[in-house]
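Chain by chain, the residues:
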Amino acid sequence: MCFGRCARCIGYKLLILALLSIVANILLYFPNGETRYASDHHLGKYVECLHGILGGGFLVLIPAAVFIGLHNDDCCGCFGHEDCGKSCAMLSSVLAAFIGIIGSGYCIIISALGLSHGPYCFTHLERNWIYPFTESSGGYLFEYNRWSECQEPHNIVQWNVTLFSILLVLGGIEFILCFIQIINGILGGLCGLCCSHEETYAC
């Protein structure tokens, strides 16, 4: 089987997921498309952790670039240089996959904490900017009647829940793909197999 071609397949998937993660995190900064909450520092603490931009984004783009850069023709070589050999290519992909594991893991953790903690909003009860759902430990997610406690930003609960959930799912898929590449890279290095030009490998 062609380990290099599978790595490239994973790399392209990670590239798309990382870009989606960056977009989702950017949207968290602008509830309802408004910029004034970011400029007034009325964003939740987990929104500002850059988990989608840094963790699920740039730290996942690194392994994506490495995987895509693996030689496509014979599955040997490193970024198209055959003299580097398969060991260089497989080692680099495994190390890069660990970076992706760290980044996607960070995205998963912060997204879960953001969902559990709830949004930072202005409430009609306290007449102040607070975290009204902190004590619920995520229970507010199923108490839809309480979502109206947040008056400003408008629909901030739905906004945060949707985007944090998307980031949680994206981070989870990235984590799985990077883990698969760790196994793929180790097997490729241990087996020392290089597919011929005629072989194909469905990934």
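Reference entry: report on the structure contained in this document. (Residues numbered from 1 in each chain as written. Predicted model: local features only at pLDDT ≥ 70, side-chain atom pairs only at ≥ 80, totals over all residues. Heavy atoms only, no water.)

### Some thoughts on helix α3 (residues 51–69)
In plain terms, the rule: The way it works is that DSSP assigns letters per residue, a run of H or I at least four long becomes a helix, a run of E at least two long becomes a strand, and they are numbered from the N terminus. Here the expected span of a helix is defined as 1.5 Å times the quantity of residues minus one. Two axes enter the bend calculation: one fitted to the seven residues ending at the residue in question, the other to the seven starting there, and the bend is the angle between them. Think of it in three bands: residues with accessible area under 20% of the maximum for their type are buried, residues over 50% are exposed, and the middle band is partly exposed, with areas taken using a 1.4 Å probe on protein chains only.
In a regular helix each residue adds 1.5 Å, so 19 residues correspond to 27 Å; α3 covers 25 Å between its end C-alpha atoms and thus fits that length. The largest bend in α3 is about 30 degrees, located at Leu61, with the proline Pro63 one to four residues further on. Three or more residues of α3 are buried, namely His51, Gly52, Ile53, Gly55, Gly56, Gly57, Val60, Pro63, Ala64, Val66, Phe67 and Gly69.

### Structural notes on the pattern of salt bridges
In plain terms, the rule: The term salt bridge refers to a side-chain nitrogen of Lys or Arg lying within 4 Å of a carboxyl oxygen of Asp or Glu.
Within this structure, the stated rule accounts for four salt bridges. The closest approach of N and O atoms between Arg36 and Glu34, which form a salt bridge, is 2.7 Å. Between Arg36 and Glu152 there is a salt bridge, with its nearest N and O atoms 3.1 Å apart. Of the two residues, Arg36 sits in helix α2 (residues 36–39) while Glu152 sits in strand β3 (residues 150–152), which places them 116 residues apart along the sequence. Look at Arg36 and you get partly exposed, because its relative accessible area is 39%. Residue classification places Glu152 among the partly exposed residues on the basis of a relative accessible area of 25%. Ionic contacts of the salt-bridge type, sharing partners, join the residues Glu34, Arg36 and Glu152 into one network.

### Some points on the environment of Ile22
Under the convention used in this document: We call two residues in contact when some of their heavy atoms are within 4.5 Å.
Structurally, Ile22 can be placed in helix α1 (residues 3–28). You can call Ile22 buried: its relative accessible area is 13%. Residues Ile22 and Gly56 lie 34 residues apart in sequence; the distance between their C-alpha atoms is 7.3 Å. Apart from residues lying up to four places away in sequence, Ile22 is in contact with Gly52, Ile53, Gly57, Phe58 and Leu61.

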